[in-house]
Amino acid sequence: MRHIGTVVGTGVLLLVISACGSAQNAGAGAGGGQELPTATSTSEVPPNVAPGEVPPDGKPVTKLDANALPPDQPRTAWTQGDGKTVGVVAQEGGCGKASASVLEQNASTVKIELLETLPLTKEMCTMDIRFPPLTVQLSEPLGERTVVLTSRQEQK
């Protein structure tokens, strides 16, 4: 019973010392001239173009059906060059990786699927959401056809 005060005092002292050390380590990165890394995308869109905007060399798609997309997903599409390249903005997060593919092309519509592939195994992932711009190639220029966007997720 006589030593209980010593044990409690030692525990409190250790707690205070470890808290002080954690506060110093946390402050070193914030004020020590080092910048924390930020998430980046490997897109070809120049850094001054915000997600969801059409790149400077793109022409906005005027006939776009994005009703099948989730409400929070960007609804942006454009053509580049001769009109056979269609750009879209996808959504990915954490360990997910976005891709786009042409599901169907006919005289009136071009159906493009935005796919987010998630890993099968559980792993630590960031909690960020990214909006990478992606492109698909058409067999003929888009012209007056309607672009229909759909999306889904799968695990691989």
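Residues numbered from 1 in each chain as written. Predicted model: local features only at pLDDT ≥ 70, side-chain atom pairs only at ≥ 80, totals over all residues. Heavy atoms only, no water.

Chemist: Explain the sheet that holds strand E3 (residues 77–80) here, please?
Modeler: Paired through their backbone hydrogen bonds, the strands of a sheet run either parallel or antiparallel. Sheet architecture is open: 4 strands sit in the order E1-E3-E4-E9, paired in antiparallel fashion. Because the sheet does not close on itself, it has two edges, and the strands there are strand E1 (58–60) and strand E9 (133–137). On average, each strand axis in the sheet is tilted by 35° relative to the strand beside it, whichever way the strands run. Across 3 bridges, the pairing between E1 and E3 is antiparallel. Following the sheet pairing, Lys59 is matched in E3 by Thr79. (Pairing = 2+ DSSP bridges. Helix = DSSP H or I, 4+ residues; strand = E, 2+ residues; numbered from the N terminus. Axes fitted to C-alpha atoms, helices over the stretch in contact; angles between N-to-C directions.)

Chemist: Where do I start with the pairing of strand E10 (residues 146–155) in this structure?
Modeler: Two faces belong to every sheet, and in a regular strand the side chains alternate between them. Where strand E2 (residues 64–65) lies against E10, 2 bridges are found, and the strand directions are parallel. Residue pairing in the sheet places Leu64 in a bridge with Val147 of E10. Inspection of the sheet shows strand E7 (residues 109–118) paired to E10 by 10 bridges, in the parallel sense. The partner of Thr117 across the bridge, within E10, is Glu154.

Chemist: Before we go on, may I ask you to explain the nonpolar core in this structure?
Modeler: The biggest cluster of nonpolar side chains holds 17 residues, and the ones touching the most others in it are Val86, Val88, Ile112, Leu114, Leu142, Val147 and Leu149. Mapped by element, the contributors of at least two residues to this core are strand E4 (85–89), E7, E9 and E10. No other element matches the 3 residues that E7 contributes to this core. In contact with Ile112, not counting residues within four places along its chain, are Val86, Val88, Ala100, Ser101, Val136, Val147, Val148, Leu149 and Thr150. (Core = buried A, V, L, I, M, F, W, Y, C linked by side-chain atoms within 4.5 Å. Buried < 20%, exposed > 50% of the residue type's maximum accessible area, 1.4 Å probe, protein only. Contact = heavy atoms within 4.5 Å.)

Chemist: I keep staring at the sheet that holds E2 and nothing clicks. Help me out?
Modeler: Spatially, 4 strands are ordered E2-E10-E7-E6 in an open sheet, and the strand pairing comes out mixed. Of all the strands in the sheet, the pair left with one neighbour each is E2 and strand E6 (97–105). Bridge count between E6 and E7: 8 bridges; the pairing is antiparallel. Bridge assignment links Ser101 to a residue of E7, and that residue is Glu113.

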